[in-house]
Amino acid sequence: MLIKTTVRVIRKCTRRYSAVSLIDSTDVKDLNLLKDVHVMSDAITKAEHETLVRECERSLKRRRYETGHWDGVIESFREITKRDWTLESRKVFERLIESDPVEKLELKEFLPPHVLDLSKDGFIKPHIDSIIASGQMVAGISLLSPAVMVLSRESESLRILLPPRSFYVLSGTARFEFKHEILPGTTKWTDDSSIVRDRRISIILRDEIRSDS
């Protein structure tokens, strides 16, 4: 598989999510959506988490948080497309790309990982990723803070809890027919707990669009 700071790692990965359902399908009408949504808690180790955070922060440290994205969907963020990863990090990406939810898609080429740093007050508005930017899959590794992602289409919605060290994969209907967003602030979860969004880094993995020419 080929994927073309004095650092202070924030340790907020202490809560256990293994006993909590990470997907809330209460407001989903077509349950076929669930076959196109995958989320794995503890997809990377704590050591791998800290390695990835350090690498991201080294590359982001000279960038300021921005107030508006080019397509208007992200607020209070920093982002980079990062190509110079250590061997340890590349092995993490390779392992996740070889996991069942990705392998079943039979993808051939992957874009360089994209790093998105949302400030504590940052958020992502509902949108569908442009096919100009990526192909059949949108996947992400969640770092630092838990977050709630919402997939929505007309009157139905699906909520996904993304703990630190989790990995999610959206494909098919979830990729092309449902908008997705990352909520700011505090969100009540299905077990009546409060999911508090703080600063969050996500590493986005996308496949390269295959040309028919």
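Residues numbered from 1 in each chain as written. Predicted model: local features only at pLDDT ≥ 70, side-chain atom pairs only at ≥ 80, totals over all residues. Heavy atoms only, no water.

Visitor: Would you take a moment to explain the overall build of the chain for this structure?
Guide: Scanning the chain from terminus to terminus reveals four helices and 12 strands. Buried positions account for 51% of the 213 residues belonging to the chain. Total accessible area on the chain is roughly 11000 Å²; 48% of this is exposed by carbon and sulfur atoms. (Helix = DSSP H or I, 4+ residues; strand = E, 2+ residues; numbered from the N terminus. Buried < 20%, exposed > 50% of the residue type's maximum accessible area, 1.4 Å probe, protein only. Areas by Shrake-Rupley, 256 points an atom, 1.4 Å probe, with all protein chains shown as cover.)

Visitor: Which parts of the structure should I look at to understand the nonpolar core?
Guide: Note on soluble globular proteins: their nonpolar side chains tend to be buried together. Membership of the largest hydrophobic core comes to 30 residues, with the highest contact counts inside it found for Val 37, Met 149, Leu 151, Ile 160, Tyr 168 and Leu 170. For this core, the secondary-structure elements that each account for two or more residues are β2 (37-40), β3 (74-81), β4 (114-127), β6 (147-153), β7 (156-162) and β8 (167-171). The dominant element in this core, judged by the number of residues it contributes, is β6, at five residues. Leaving out residues up to four positions away in the same chain, Met 149 has contacts with Leu 158, Arg 159, Ile 160, Leu 162, Tyr 168, Leu 170, His 180, Glu 181 and Ile 182. One finds Ile 44, Leu 96, Leu 107 and Ile 201 within the second-largest nonpolar core, a separate group that totals 26 residues. (Core = buried A, V, L, I, M, F, W, Y, C linked by side-chain atoms within 4.5 Å. Contact = heavy atoms within 4.5 Å.)

Visitor: Just checking my understanding: could you explain the confidence of the model for the chain for this structure?
Guide: Interpretation of this model should avoid reading the predicted coordinates in detail wherever pLDDT is low. Averaged over all residues, the pLDDT of the chain equals 89, while 87% of them reach at least 70. The weakest mean pLDDT in the chain belongs to β3 at 94; the strongest belongs to β6 at 98. When the criterion is pLDDT under 50, residues 1-14 qualifies, and its contacts beyond four places in sequence or with other chains add up to 37 contacts. (pLDDT = per-residue confidence, 0-100.)

Visitor: Explanation requested: the side chain of Ser 119 in the structure shown.
Guide: Here Ser 119 lies in strand β4. For Ser 119, a relative accessible area of 12% gives the class buried. If near-sequence neighbours (up to four positions away) are discounted, Ser 119 is found in contact with Tyr 65, Ser 76, Arg 197, Asp 198 and Arg 199.

Visitor: Hey, could you run me through the pattern of salt bridges in this one?
Guide: Side-chain pairs of opposite charge can arise where the charged atoms are in close proximity. The final tally for this structure, using the stated rule, is 12 salt bridges. Note that Asp 117 and Arg 78 form a salt bridge whose closest N and O atoms lie 2.7 Å from each other. Of this pair, Asp 117 sits in strand β4 while Arg 78 sits in strand β3, and the two are 39 residues apart along the sequence. The class for Asp 117 is buried, based on a relative accessible area of 0%. Residue Arg 199 is joined to Asp 117 by a salt bridge in which the shortest nitrogen-to-oxygen separation is 3.0 Å. (Salt bridge = Lys/Arg side-chain N within 4 Å of Asp/Glu carboxyl O.)

Visitor: What is the right way to read a positive patch on the surface from this model?
Guide: Together, Arg 54, Arg 58, Lys 61 and Arg 62 line one region of the surface with positive charge. Take Arg 58: it is sitting in helix α1 (residues 46-60). (Patch = residues over 30% accessible without salt bridge, like charges linked within 9 Å, V, L, I, M, F, W, Y side chains within 5 Å. Lys, Arg positive; Asp, Glu negative; His and termini not counted. Charge placed at Lys NZ, Arg CZ, Asp CG, Glu CD.)

Visitor: Would you mind showing me how to read the packing of aromatic side chains here?
Guide: Applying the stated rule across the entire model yields one aromatic pair. Ring geometry for Trp 85 and Phe 93: centres 4.9 Å apart, planes at 85°, overall edge-to-face. In this structure, Trp 85 and Phe 93 share a single accessibility class: buried. Above the face of the Tyr 65 ring, Arg 78 is positioned so that its terminal group lies 4.5 Å from the ring centre. (Phe/Tyr/Trp six-rings, centres within 6.5 Å; stacked < 30°, edge-to-face > 60°. Lys NZ or Arg CZ within 6 Å of the ring centre and 35° of its normal.)

Visitor: It is not clear to me how the environment of Asp 84 should be interpreted in this structure. Could you clarify?
Guide: Within the secondary structure, Asp 84 sits in the loop between β3 and α2 (87-97). Between the C-alpha atoms of Asp 84 and Pro 113, which are 29 residues apart in sequence, the distance is 9.8 Å. Within the structure, Asp 84 has its side chain in polar contact with the side chain of Lys 82 (distance 3.0 Å). (Polar contact = N/O pair within 3.5 Å; in protein donor to acceptor, adjacent residues only side chain to side chain.)

Visitor: Sorry if this is basic, but what is going on with a nonpolar patch on the surface here?
Guide: Together, Ile 131, Ile 132, Phe 176 and Ile 209 make up a nonpolar patch on the protein surface, roughly 420 Å² of accessible area in all. Considering the arrangement of structural elements, one finds Ile 209 in the segment after β12 (200-206). Given a relative accessible area of 44%, Ile 209 falls into the partly exposed group.

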